[in-house]
Amino acid sequence: MRTDTGQVIHLADYRPTDFVLERVDLTFELDPTETKVEARLIFHRREGADPSAPLVLDGDDLTMTSLLFDQIEMETDRYTATADSLVIRDLPATEPFEITVVTMINPEANTQLMGLYRSNGIYCTQCEAEGFRRITYFPDRPDVLSVYTVNIIADKEANPLLLSNGNFLGGAGFGPDKHFAAWFDPHPKPSYLFALVAGDLGIVEDTFTTMSGREVALKIYVEHGKEARAAYAMDALKRSMKWDEEVFGREYDLDIFMVVAVSDFNMGAMENKGLNIFNDKYVLADPETATDQDYANIEAIIAHEYFHNWTGNRITCRDWFQLCLKEGLTVYRDHEFSADMRSRAVKRIAEVRHLRSEQFPEDAGPLAHPVRPTKYREINNFYTTTVYEKGSEVTRMINTILGAEGFKKGMDLYFERHDGDAATVEDFVKSFEDATGRDLKQFSLWYHQAGTPQITVSTAYDASAKTFTVSLEQMVPATPGQSTKEPMHIPLKFALLSDNGSEMSPGGIEGGEVTGDVLHLTDRAQTLVFSGIGSRPVLSLNRGFSAPVTLHFAQSDDDLGLIARHESDLFARWQAITDLALPALTAAATNVRNGAPVVVGEALTKALLDIAGNEALEPAFRAQALALPSEADVARELGANNDPDAIRDGRQAVLTAIAVAGKDIFGGLFASLSSATGAFSPDAASAGRRALKNAALSYLTLAEKTPLLAAKAFAEADNMTDLAQALTILVHNFPDSKEATEALASFEKRFAENALVIDKWFAIQAAIPGAGTFDRVVALMSNKHYKADNPNRVRSLIGSFAFSNATGFNRPDGAAYELLASQILDIDKKNPQLAARLLTSMRSWRLLEPSRADKARAALVRIESAASLSTDVRDIVERMLKA
């Protein structure tokens, strides 16, 4: 584990390497504790480089046993080797040369799960961002691209499968008990895309015929006995490959595409060229063990990693500052894929919910950073929602500004120009500028300025002049390291609605650029005048969430109700419901805190119940509308001095009032949707019906104030979606009831041998609201199913408690903060990445009321004061305390 304070890396200091890496030949002799790695590397000095510059190779906790120069043992005075670097001097000025390095590594002891590790009998790699240097000394940076040949030698009985990137060259026996396999990847790639898997796994096979007629072998490897649960992942893969051809014109380029599912993995998945490695929770699914959300996640993440083949692999990033260029762009691509596979409106609502709950707080807190940062101390800490989700939104805005045709031209030019390159954000943006002639200089501030833009909106209608005036003012808040911000180019989709909900067309527009239904806000303040408007319109602004901004727009309940009833843009309808709900929820929290009664206005209740009972609307959308803003949303709206208990109690009072008012509607929905028959299907329409049924069950449970409905639903459920939802409703509302205790015991017994389902069992309990859940979490840490060395299990219990349980985690005595601090300090010794990500659960500690905030700060100071911290954790905790 690296425990130094961490060198700060600056974008401005980038320069190419002094040497060009022409070829990589790797030989692995696998052994659980003594794996021998031979790396033969052919270099030549880059033209124009200093002829005396040494070759500097990165390492991380390495032991070198041999070093050869052109196959001759190198003199010791020509190199300096430490565990973390290898510096070689006196190298040729122009001629190519070969360096052969032999290292010994211990995969069994690699609890960081970075580099080559062995878990549950499977050898596996994770090299992004800087894991390859834990395997051998190497110029471990994304702009060093080379072709790789890989030879793997291992015990034949324990490791019948020997896999790596590229195409399979062949294999044979190697002595009495071993065998070998050789792989060659003809496409130059950086070291972070290297992959190796060895072990004994089951296989699911299929083929895909590309648009040029080539047949590609598809293979998904899973633990034996789980092959049937990989069928949906295979289907999603084939749909992804077809979609990428049809929408982006991108064809797969190797003879084989492989996915390997493993249970011990720090990330969701990894896009290694031709050999994707997945956390098995994003591969395995069947109706009995996977929820509808699990199916949707599998579909999206399978697609995401496959789409990386072009946006990330064929075109990679020049340096880690350009991470958004592969991740944000690819998230946009997988969002579009999921929108085409499912409901575009419902998918968009889910995306915005996630952005607001995760990225907006990041942008408003001590960990705020631009989509393209300018410095970092630990790159693993920048795999954030800002880089991924906000980066996706930036790509979406380019599409909005240029239109579908212009966006396609720009993407085509980007692929044409930069295939095989390590590119930059500037390369990406210039492709769109050159393809369309549009100046995107101001727009590029989205990559460089942190913070969520705030837009203040006011309107006025002049009946005599028949004009409608819209005044806009933008402000980007100060963030760490950026106190002054420039005005952004913000594309806002809009509509002017008449009193019957139809769209109005103005006779003219003055005061700013408007293209079609997009208003371009480019100045700090702008006033637009729409002429030829015969009656006062209702402005629907930021339709489809065309820009990731916060609007401050005081619309009346009547106007919001009209949008909620009539807007053709379903996202705008959902947003109107949200805008009606948030003031009610914040007022409720304030009233609870002040000992006043909670009152729910008629406009909100009517709008919600109208949508709930509207059979013309798809069930999935109705379910989204009924899911009111979360406790975290309310806390963010309140802004500071937050009491999580008051927020929850106020929200529950609002939900209960709506439940009582709509009891008959919810009862009818639950009955009709429960009577549906037929085999389970994970398709979007079926999932939407289940979502609406369970939303109705949730409201009915609040109205009836009894655990019996949820207990009955749990007993009758024939799929994991309904089972998990019924269990959640039951134990979150009646945690100490006999019914909840029996359901939890039944669930545990039924699924004791299924790790992914037991993760749900832990997560549901960790999220039970209230201070008493702390004791439950402590007890569960001693449960026979709890495995502190498995990232999924730690996230399901400790992560769910810290991230998803505002009242339990933020209990007034601060005990949960101390528990998390202890866990982070313990986990950090073994898995710094996991520890650092858990720590980000406390990023908004300053928004708590003073007593809780003081206790949270004390826990953070305790972490910071530890004698030995990884760079990962130290970077996060110091930024949290400093800002």
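Residues numbered from 1 in each chain as written. Predicted model: local features only at pLDDT ≥ 70, side-chain atom pairs only at ≥ 80, totals over all residues. Heavy atoms only, no water.

Peer 1: Give a description of the packing of helix α9 (residues 570–594) against helix α11 (residues 619–626) that names residues and reports values.
Peer 2: Where α9 meets α11, the closest approach of the two axes is 9 Å, and the angle between their N-to-C directions is 25°. Relative to α11, the element α9 is oriented roughly parallel. As for the relative orientation of α9 and α11, their crossing is right-handed in sense. Seen from α9, the contacting residues are Leu570, Arg573, Trp574 and Ile577; seen from α11, they are Phe621, Gln624 and Ala625. (Axes fitted to C-alpha atoms, helices over the stretch in contact; angles between N-to-C directions. Helix = DSSP H or I, 4+ residues; strand = E, 2+ residues; numbered from the N terminus. Parallel < 35°, antiparallel > 145°, perpendicular 65-115°, else oblique. Left-handed = near helix turned anticlockwise from the far one by under 90°. Contact = heavy atoms within 4.5 Å.)

Peer 1: Talk me through the sheet that holds strand β10 (residues 115–119); I want residue IDs and the actual numbers.
Peer 2: One open sheet holds the 4 strands; their spatial order is β10-β11-β16-β13, and the pairing between them is antiparallel. Unpaired on one side and paired on the other, β10 and β13 (161–164) mark the two borders of the sheet. In this sheet, adjacent strand axes meet at a mean angle of 15° when their direction is disregarded. (Pairing = 2+ DSSP bridges.)

Peer 1: Tell me what's going on with the nonpolar core, and back it up with residues and numbers.
Peer 2: Judged by nonpolar contacts, the single largest core of 158 residues is most densely connected at Phe28, Ile99, Phe194 and Val283. Per-element tally for this core: the top contributor is helix α5 (residues 385–418), with 10 residues. By size, the runner-up hydrophobic cluster in this structure holds 122 residues, among which are Phe571, Ala572, Ala802 and Leu819. (Core = buried A, V, L, I, M, F, W, Y, C linked by side-chain atoms within 4.5 Å. Buried < 20%, exposed > 50% of the residue type's maximum accessible area, 1.4 Å probe, protein only.)

Peer 1: Any chance you could break down the environment of glutamate 473 for me, citing the residues and the numbers?
Peer 2: Take glutamate 473: it is sitting in strand β26 (residues 467–475). The sequence separation of glutamate 473 and histidine 369 amounts to 104 residues, and the corresponding C-alpha distance is 23 Å. Glutamate 473 has contacts with Gln454, Ile455, Thr456, Arg524 and Ala525, leaving out every residue within four places of it along the chain.

Peer 1: Report on the packing of aromatic side chains, specifying residues and quantitative values.
Peer 2: Evaluated as defined, the whole model comprises 39 aromatic pairs. The interplanar angle of 80° and the centroid separation of 5.1 Å between the aromatic rings of tryptophan 761 and phenylalanine 762 together place this pair among those described as edge-to-face. Residues tryptophan 761 and phenylalanine 762 agree in their burial class; the two are buried. By the ring-pair criterion, three or more aromatic residues cluster together here, those being Trp243, Phe248, Tyr252, Phe257, Tyr306, Phe307 and Phe337. The residue whose ring lies beneath arginine 318 is tyrosine 14, and the NZ or CZ to ring-centre distance is 3.7 Å. Over the aromatic face of phenylalanine 248 sits the side chain of arginine 333, whose NZ or CZ is 4.7 Å from the ring centroid. (Phe/Tyr/Trp six-rings, centres within 6.5 Å; stacked < 30°, edge-to-face > 60°. Lys NZ or Arg CZ within 6 Å of the ring centre and 35° of its normal.)

Peer 1: Tell me what's going on with the pattern of salt bridges, and back it up with residues and numbers.
Peer 2: Tallied over the full model, the rule gives 66 salt bridges. Residue aspartate 826 pairs with lysine 830 through a salt bridge whose shortest N-O separation is 3.6 Å. Of the residues examined, lysine 830 reaches a relative accessible area of 29% and is grouped as partly exposed. Between aspartate 875 and arginine 879 there is a salt bridge, with the nearest N and O atoms lying 3.2 Å from each other. Linking aspartate 875 with arginine 879, this pair stays in helix α26 (residues 871–882), spanning 4 residues, or about one helical turn. Taken together, the salt bridges that share partners define one network made up of Glu336, Asp340, Arg344, Arg348, Glu351, Glu393 and Arg396. (Salt bridge = Lys/Arg side-chain N within 4 Å of Asp/Glu carboxyl O.)

Peer 1: Just give me the short version of the sheet that holds strand β32 (residues 538–541), but keep the residues and values in it.
Peer 2: Across the sheet, which stays open at both edges, the 4 strands sit in the order β29-β30-β27-β32 with antiparallel pairing between neighbours. If you trace the sheet from one side to the other, it starts and ends with β29 (513–515) and β32, each paired once. Adjacent strand axes in the sheet meet at a mean angle of 35° when their direction is disregarded. The sheet contact formed by β29 and strand β30 (residues 518–521) spans 3 bridges and is antiparallel. Residue pairing in the sheet places valine 514 in a bridge with leucine 519 of β30.

Peer 1: Could you give an account of unusual backbone geometry, with specific residues and numbers?
Peer 2: The peptide bond linking glutamate 128 to alanine 129 adopts the cis configuration, its omega dihedral lying at 5°. The backbone phi angle of leucine 113 is positive, close to 60°, even though this residue is not glycine. Mapped onto the fold, leucine 113 is located in the loop between β9 (97–105) and β10. Residue class for leucine 113 comes out buried when judged on its relative accessible area of 7%. Residues other than glycine seldom take positive phi values, yet lysine 705 does so here, at roughly 55°. The topology assignment puts lysine 705 in the loop between α15 (684–704) and α16 (708–716). The class of lysine 705 is exposed, set by a relative accessible area of 56%.

Peer 1: So what about the packing of helix α20 (residues 773–780) against helix α21 (residues 791–804)? Which residues, and what values?
Peer 2: Viewed as axis vectors pointing N to C, α20 and α21 meet at an angle of 165°, and their least axial separation amounts to 11 Å. In this view, α20 runs roughly antiparallel relative to α21, as classed from their interaxial angle. At the point where α20 passes α21, the crossing takes the left-handed sense. Mapping the contact onto sequence places Thr773, Phe774, Val777 and Leu780 in α20 and Leu797, Ile798 and Phe801 in α21. When its residues are assigned to classes, the contact of α20 with α21 shows 6 nonpolar, 1 polar and no charged. (Nonpolar A, V, L, I, M, F, W, Y, C, P; charged D, E, K, R; others polar.)

Peer 1: Give a description of the state of the cysteines that names residues and reports values.
Peer 2: Under the counting rule described, the total for this entry stands at 0 disulfides. With no disulfide of its own, cysteine 317 lies 8.9 Å from the sulfur of cysteine 324, the closest cysteine sulfur. Its relative accessible area of 5% is what places cysteine 324 among the buried residues. (Disulfide = S-S within 2.5 Å.)

Peer 1: Tell me about the pairing of strand β12 (residues 146–155), and name the residues and values.
Peer 2: Of all 10 residues that make up β12, 8 are buried, and the element is covered over most of its length. Summarising the sheet, β12 and strand β15 (residues 178–189) pair through 9 bridges and their orientation is antiparallel. In the sheet register, valine 150 faces β15, and the bridge partner there is tryptophan 183.

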